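Each chain, written out:
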Amino acid sequence: RELLSALRKYKPDQRRLRAPPMEEHYSAADLEAAMVGDQFEPFFQPKVELATGRLCGFEALARWRHPEHGVLSPHAFIDTMESRGLIDALTDVMLDKASAWCAFWRNRGLDIKVSVNISIQSLADVGLAESLIERVRRQGLDPCYMILEITETAVMIEVGRVLENLARLRMKGFELSIDDYGTGYSSMQQLTRIAAGELKIDRTFVNFASHQNDGRVILRSSLEMARKLNLTTVAEGVETPEDWALLAEYGCDQAQGYLIARPMAADTVADWAQQWDPERWLTGLSPELKQ
Ligand code: C2E
Ligand code: MG
Ligand code: MG
Ligand code: MG
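Structural notes, computed from the coordinates. Residue numbering note: each chain is counted from 1, following its sequence as written. Starting at A for chains and at 1 for ligands, labels are handed out in the order in which the entities are written. Given that this is a predicted model, residues contribute local features only at a pLDDT of at least 70 and side-chain atom pairs are listed and counted only at 80 or more, while totals for whole chains, interfaces and linings are drawn from all residues. With hydrogens and water set aside, each side-chain value is computed from the structure's full complement of heavy atoms.

Re the site of ligand 1
This is how the line gets drawn: Residues are counted as near a molecule or strand when any one of their heavy atoms sits within 4 Å of it. Think of a polar contact as two N or O atoms within 3.5 Å of one another; within protein, one of them needs to be a possible hydrogen donor and the other a possible acceptor, and neighboring residues in sequence only count if both atoms come from side chains. Only the protein chains shown count as covering a residue, and every accessible area follows the Shrake-Rupley method with a 1.4 Å probe. Comment: elements are numbered from the N terminus, with helices defined as DSSP H or I runs of at least four residues and strands as E runs of at least two.
Surrounding ligand 1, one finds 24 residues, the nearest of these being Arg63, Ser119, Asp179, Glu239 and Tyr258. Here an oxygen atom of ligand 1 and a side-chain polar atom of glutamate 59 are 3.1 Å apart. Its free accessible area being 800 Å², ligand 1 has 84% of it covered by the protein chains. For the shell around ligand 1, the secondary-structure elements that each account for two or more residues are β2 (55–66), α5 (87–107) and β6 (175–181).

Concerning the pattern of salt bridges
Formally: Basic side-chain nitrogens of Lys or Arg form a salt bridge, by our definition, when they fall within 4 Å of a carboxyl oxygen of Asp or Glu. Here's how the labels work: a residue is buried when its accessible area is under 20% of the maximum for its type, exposed when over 50%, partly exposed in between, all with a 1.4 Å probe on protein chains only.
Under the definition given, this model contains 14 salt bridges. Its salt-bridge partner being aspartate 111, residue arginine 106 comes within 3.3 Å of it at the nearest N-O pair. Among the salt bridges present, the one from lysine 200 reaches glutamate 149, with a minimum N-O distance of 2.7 Å. On the criterion of sequence distance, the pair formed by lysine 200 in strand β7 (residues 198–201) and glutamate 149 in strand β5 (residues 146–151) is long-range, its members being 51 residues apart. Glutamate 149 matches lysine 200 in its accessibility class, with the two residues each being buried. Three or more residues are tied together by salt bridges with common partners; here these are Glu59, Glu149 and Lys200.

Focus on the coordination of the magnesium ion (ligand 4)
The criterion, for reference: Distances decide who is a donor: an N, O or S atom must be within 2.8 Å of the metal, or within 3.2 Å for Na, K and Ca. Water is not included, so sites may look incomplete.
Around the magnesium ion (ligand 4), the protein contributes the donor atoms Asp180 (OD), Asp202 (OD) and Glu236 (OE), at 2.1 to 2.6 Å from the metal centre. As a motif over one chain, the donors of the magnesium ion (ligand 4) read D-x21-D-x33-E. The distance between the magnesium ion (ligand 4) and the magnesium ion (ligand 2) comes to 6.0 Å. One end of the pair, aspartate 202, is in the loop between β7 and α10 (203–211); the other, glutamate 236, is in the loop between β8 (232–235) and α12 (241–249), and 34 residues separate them in sequence. For aspartate 202, a relative accessible area of 2% corresponds to the buried category.

Brief notes about the coordination of the magnesium ion (ligand 3)
Distances from the magnesium ion (ligand 3) to its protein donors, namely Asp179 (OD), Asp180 (OD) and Glu236 (OE), fall within the range 1.6 to 2.7 Å. All donor residues of the magnesium ion (ligand 3) come from one chain, and their arrangement in sequence is D-D-x55-E. Separating the magnesium ion (ligand 3) from the magnesium ion (ligand 2) is a distance of 3.4 Å, and aspartate 179 supplies a donor atom to each of them. Of this pair, aspartate 180 sits in strand β6 while glutamate 236 sits in the loop between β8 and α12, placing them 56 residues apart in sequence.

Examining the side chain of glutamate 236
Quick note on the threshold: Residues scored as positive are Lys and Arg, those scored as negative are Asp and Glu, and His as well as the terminal groups of each chain are ignored.
Look at glutamate 236: it is buried, it has no salt bridge, and the nearest opposite charge is lysine 200 at 4.5 Å. At 3.3 Å, the side chain of glutamate 236 forms a polar contact with the backbone nitrogen of arginine 203.

Observations concerning the pairing of β8
Applied cut-off: Between any two strands, at least two bridges found by DSSP are needed for them to pair. Here a crossover is taken to be right-handed if, once the strands point away from the viewer, the path from the first strand over the helix to the second is traced clockwise.
Pairing analysis gives 4 bridges linking β7 to β8, with the strands arranged parallel. Bridge pairing in β8 places isoleucine 201 opposite alanine 235. Pairing of β8 with strand β9 (residues 254–255), which is carried by 2 bridges, proceeds in the parallel orientation. Across the sheet, residue valine 234 finds its bridge partner in β9, namely glutamine 254. The parallel pair β8 and β9, bridged by α12, forms a crossover whose chirality is right-handed.

Examining the packing of aromatic side chains
Note the following rule: Ring pairs shown here join Phe, Tyr and Trp side chains whose ring centres sit within 6.5 Å, with only the six-membered ring taken for Trp; geometry is labelled stacked below 30 degrees between planes, edge-to-face above 60, and tilted in between.
Inspection of the entire model under this criterion finds 13 aromatic pairs. When the ring of phenylalanine 44 is compared with that of tryptophan 105, the centres are 4.9 Å apart and the planes differ by 85 degrees; the resulting orientation is edge-to-face. Separated by 61 residues along the polypeptide, phenylalanine 44 in strand β1 (residues 40–49) and tryptophan 105 in helix α5 bring together distant segments of the chain. For phenylalanine 44, a relative accessible area of 0% corresponds to the buried category. Ring plane angle 65 degrees and centroid distance 5.7 Å describe the contact between tryptophan 244 and tryptophan 281, whose orientation is recorded as edge-to-face. You can see tryptophan 244 sitting in helix α12 and its partner tryptophan 281 sitting in helix α14 (residues 278–290), a full 37 residues away along the chain.

As for the pairing of β6
Burial runs high along β6: 7 of the 7 residues are buried. As paired strands, β5 and β6 are joined by 5 bridges and run parallel to one another. Within the sheet, the bridge partner assigned to threonine 151 lies in β6 and is aspartate 179. Bridging between β6 and β7 involves 3 bridges; their strand directions are parallel. Along β7, the bridge assignment pairs tyrosine 181 with isoleucine 201.

Put into structure tokens, the structure is as follows:
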């Protein structure tokens, strides 16, 4: 009953989800030219284990290195790419570059996995699983080190082809992750229809929990259910030591957010990983919490 009343008060921030691009609106022609000019690249944001501080992997996030406007984030281009049929090209670029970097870091002794975001649209493509596996293998990487992040809404789509593709991707060795959990309206039962290994709690959800008791009730029970379903849980948008402490207390597995690091250019990742010290990190967190 406590959970139900808490759920009634939770309003996912739909304004944020459908926010219009804040930067200039780029045309499909601009984006196509940028694609031809190889101006898209992944930035990487670390995921770390809450209990130990151990580095688990990185999420690849698309960036457009615009020759005049600098490094642009997805809200400047993703929507147009999705509506104008360019998103599959971006998926290919991201998968190629992210898996090449993953192979590079693993060869240098980093025991990490890399996650890539896949749009709902691409999930309806025939032959998607085969083409993705082919791309990752070409970079000399076993797909078991790649995690594909699928938004929660995609899982709710009843299209047979989407579920079929997800099953094939899993069969081919990719790990599947449910992204932005808490922004859609799927139930855990719906989520079990895909063989996901990971559940990512959206940052609006984490934020709600850090400010209100109702948020904590929902977060705690979501994490409990995920654990019973054997899903690895990852919290997005971890920004403060208090967020970290709360998630650790509730038994969330991993954290990702500005508290740990902002998404960074690929050629700075190895240095960042080198200086990452789990023990020093954990002891560094507690004094701030006591203040
Ligand atoms: P997402 O997959 O949920 O990625 C997390 C977003 O939260 C990223 O925004 C990341 O920079 C941001 N973030 C991480 N930590 C924090 C934090 O502590 N506080 C706050 N306020 N934000 C944080 P980004 O990079 O702008 O990406 C936005 C969305 O664009 C992604 O959300 C994902 O849905 C989409 N996206 C990014 N790259 C790709 C891609 O290659 N393909 C597709 N289809 N979608 C992509
Ligand atoms: Mg994601
Ligand atoms: Mg996410
Ligand atoms: Mg999100």
